[in-house]
Amino acid sequence: MKNCLRYKSLLSFYSLSRGIKGFFVLLALLLFSCMKWDYKDEPTDYDVSTPGLFILCEGNFQYSNATLSFYDPKTNAVENEIFLKANGMKLGDVAQSMTIFRNTGWIAVNNSHVVFAIDIDTFKEKGRIENLTSPRYIHFVSDKKAYISQIWDNRIAIVDPETYSITGFITIPDMDLSTGSTEQMVQIGKYVYCNCWSYQNRILKIDTEIDEVVEQLTVGIQPNSLVADRYGRLWTITDGGYDGSPYGYEAPAIYCIDTETLSLNKKFSFSLGDTPSELQINGDGEFLYWINDDIWKMSIDSDHLPELPLIQSQSTKYYGLTIDPLNNEIYVADAIDYSQQGMIYRFSPEGLEIDSFYVGVTPGAFCWKLKE
């Protein structure tokens, strides 16, 4: 089966921070990326009803070697290549993120321009949303409406998850089409907040009743993550760009945002040259975690950045991070060299190693499968 879609990209010679998704080199031309899904004859039948952790591995840009793994924390058992095994076809090129909604897993595959819907117990495909520019994340507003953020596009796609169809777009004001970037989304009440990352510096406030951006907040250069705390405040972390960037270069920072007024509440600055990313929050919304070479932890009530890391990296390439929402255990993805199988490390809330296991190439995203 073939799915040939237009792939828009923009030339850039910079190297993105280790913790940031989409580290691959951006291209200068408008080109056609033709993804071929080759089926094999005998898919594997799974029936995994237990809770666990999905690990999404990007693979390498234009190698179509993205993979999906599943880990059971109770038994320490890991199964790799489950999408390929269950469906008899590869996942695609550069797997970006996964979200579970109503017992369906939604996987955004960036450079294949597709979002797959899979059964979270059998791992088999239920449907797919195609003809996307370069999908990053999917957020569900309701059973009948979801938003898909994109890079190299100044629009957020509006989709009907029941029919797997694009029904419209939210055009972002004052954003160039070729360098456009929308990223992670968090909903508070009827508003969805979205950080604009690559060559951007804004947090968007979207009214889900009218599907329009109604307000914007300027933060630092390239906010790459977005979470909400127990008080209903937003937190974002910026990477500050890179030396020589035409968009600018500055010290990264963590920002706390008041959603009632969409104004800055706190700012914590890093040193110029730091590369913070992967901002996460625990299940109770009390502690922030992020990657800056090492793994760092900070209370949302703190008035300063921590002086020492929770977990030292030991010269590894920490690339992805998640916190178990039930017990605060920490899972860290190590990309190693971005070409061999990556490693996942599991730590106690205190930072003591519990387990480690190999997954696919360039593990970068996690998705928790919890009991309903």
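Note that the structure is a prediction, hence the values are computed from the model and not measured. All residue numbers here refer to positions counted from 1 along the written sequence of the relevant chain. Since the coordinates come from a predicted model, pLDDT governs what is reported: local features require at least 70, and pairs of side-chain atoms require 80 or more to be given and counted, while whole-chain, interface and lining totals use all residues. Only hydrogens and water are set aside; all other atoms, that is, all heavy atoms of the structure, feed into the side-chain values.

Asks: Sorry, what's going on with the overall build of the protein chain here?
Replies: The number of helices and strands found in the protein chain is one helix and 29 strands. The contact definition used throughout considers only heavy atoms, calling two residues in contact when any of these lie within 4.5 Å. Put simply, of all contacts in the protein chain between residues at least 6 apart along the chain, 49% involve residues at least 24 apart. Per-residue and other accessible areas were derived by the Shrake-Rupley procedure at a 1.4 Å probe size, with only the shown protein chains allowed to occlude residues. Looking at the protein chain as shown, the accessible area adds up to about 15200 Å², and 47% of this sits on carbon and sulfur atoms. A run of H or I in DSSP counts as a helix once it spans at least four residues, and a run of E counts as a strand once it spans at least two, with each numbered from the N terminus.

Asks: Would you explain the side chain of Asn154 in this entry?
Replies: Relative to the helices and strands, Asn154 resides in the loop between strand S11 (145-150) and strand S12 (155-160). We define a polar contact as two N or O atoms separated by no more than 3.5 Å, with the added condition that, inside protein, one atom must be a possible hydrogen donor and the other a possible acceptor, whereas residues neighbouring each other in sequence contribute only through side-chain atom pairs. Reaching out from Asn154, the side chain makes a polar contact with the backbone oxygen of Met175 at a distance of 3.2 Å. In contact with Asn154, not counting residues within four places along its chain, are Ile170, Thr171, Ile172, Met175, Asp176, Leu177 and Gly180.

Asks: What exactly am I supposed to notice about the confidence of the model for the protein chain here?
Replies: Reading fine detail from the predicted coordinates is not recommended where pLDDT is low. Confidence of the predictor at the level of single residues is given by pLDDT, which spans 0 to 100. On average, the protein chain scores 90 in pLDDT, and the residues at 70 or more come to 89%. A low-confidence stretch, residues 1-35 stays under pLDDT 50, and its non-local contacts, those more than four residues away or across chains, total 114 contacts.

Asks: Which parts of the structure should I look at to understand the pattern of salt bridges?
Replies: Should the charged atoms of two oppositely charged side chains come close, the side chains can pair. Salt bridge criterion: a side-chain nitrogen from Lys or Arg within 4 Å of a carboxyl oxygen from Asp or Glu. Under the defined criterion, the tally for this structure stands at 16 salt bridges. The salt bridge involving Asp153 is made with Arg155; its shortest N-O contact spans 2.9 Å. Look at Asp153 and you get buried, because its relative accessible area is 1%. Burial classification: accessible surface area is computed with a 1.4 Å probe over protein chains only, and a residue below 20% of its type maximum counts as buried, one above 50% as exposed, and the rest as partly exposed. Given a relative accessible area of 25%, Arg155 falls into the partly exposed group. Where Lys205 meets Glu215, a salt bridge forms, and the shortest distance between an N and an O atom there is 3.9 Å. Note that Lys205 is positioned in strand S16 (residues 202-207) and Glu215 in strand S17 (residues 212-218), a separation of 10 residues in sequence. Judged by relative accessible area, Lys205 falls into the buried class, the value being 9%.

Asks: Quick question: what am I supposed to make of the nonpolar core here?
Replies: Buried together is how nonpolar side chains tend to be arranged in soluble globular proteins. Remark: nonpolar core denotes a set of buried residues (Ala, Val, Leu, Ile, Met, Phe, Trp, Tyr, Cys) joined through side-chain atoms within 4.5 Å. Residues Phe54, Leu56, Leu68, Leu91, Met98 and Ile107 are the most contacted members of the largest nonpolar core, which totals 22 residues. Of all elements in the fold, only strand S3 (52-57), strand S4 (67-72), helix H1 (82-87), strand S6 (95-101), strand S7 (104-109), strand S8 (114-119) and strand S29 (363-369) reach the threshold of two or more residues within this core. One finds Leu279, Ile281, Leu288 and Trp290 within the second-largest nonpolar core, a separate group that totals 15 residues.

Asks: Teacher, can you tell me more about the sheet that holds S17 here?
Replies: Sheets are built from strands that pair by backbone hydrogen bonding, the pairs being arranged parallel or antiparallel. Here four strands make up an open sheet; going across it, the order is S14-S15-S16-S17 and the pairing antiparallel. Where the open sheet ends on each side, the last strands, each with one partner, are strand S14 (185-188) and S17. Each strand of the sheet is rotated relative to its neighbour by a mean of 25 degrees, with strand direction disregarded. When DSSP finds two or more bridges between a pair of strands, those strands are recorded as paired. An axis is simply a line fitted to the C-alpha atoms; with a helix, the fit covers only the stretch in contact. Between two such axes, the angle follows the N-to-C directions and lies from 0 to 180 degrees.

Asks: Before we go on, may I ask you to explain the layout of surface pockets in this structure?
Replies: One water molecule sets the probe size; rolling that probe over the atoms shows where empty space is left. Using a 1 Å grid laid over the protein atoms alone, points where a 1.4 Å probe fits but cannot get out form a cavity; open sets with protein on both sides within 12 Å along at least 5 of 7 lines form a pocket; any residue with an atom within 4 Å of a point counts as lining. Grid points are joined across faces, edges and corners, and a volume is the space filled by probe spheres set on the points. A volume near 1200 Å³ is recorded for the largest pocket. Met98, Thr99, Gln280, Phe366 and Cys367 are the residues nearest the centre of the largest pocket, which is lined by 39 residues in total. Elements that contribute at least two residues to the lining of the largest pocket include exactly S6, strand S10 (135-142), S14, strand S18 (223-228), strand S22 (277-281), strand S25 (318-323) and S29. Element by element, the count of residues in the lining of the largest pocket is highest for S29, at six residues. Taken as a whole, the second largest pocket holds about 260 Å³ of empty space. Together, 13 residues line the second largest pocket, and Pro51, Gly52, Pro73, Lys74 and Leu326 are the ones closest to its centre.

Asks: Please explain the packing of aromatic side chains as it appears in this structure.
Replies: Any two aromatic rings considered together are summarised by their centre-to-centre distance and by the angle between their planes. Any two rings among Phe, Tyr and Trp, with Trp reduced to its six-membered ring, count as a pair given centres within 6.5 Å; such a pair is stacked if its planes are under 30 degrees apart, edge-to-face if over 60, and tilted if neither. A full pass over the atoms with the stated rule returns 16 aromatic pairs. Comment: the charge-over-ring label is applied if NZ (Lys) or CZ (Arg) is within 6 Å of the ring centre and within 35 degrees of the ring normal. Taking NZ or CZ as reference, Lys205 lies 4.2 Å from the ring centre of Tyr191, over its face.

Asks: Is there a simple way to think about unusual backbone geometry in this case?
Replies: The phi angle of most residues is negative, glycine excepted, and most peptide bonds adopt the trans form. Its identity is not glycine, yet Asn103 carries a phi of approximately 65 degrees, on the positive side. Along the chain, Asn103 falls in the loop between S6 and S7. Using a relative accessible area of 38% as the deciding quantity, one classes Asn103 as partly exposed. A positive phi is found at Thr362, a non-glycine position, where the angle reads about 55 degrees. For Thr362, the position within the fold is in the loop between strand S28 (353-361) and S29.

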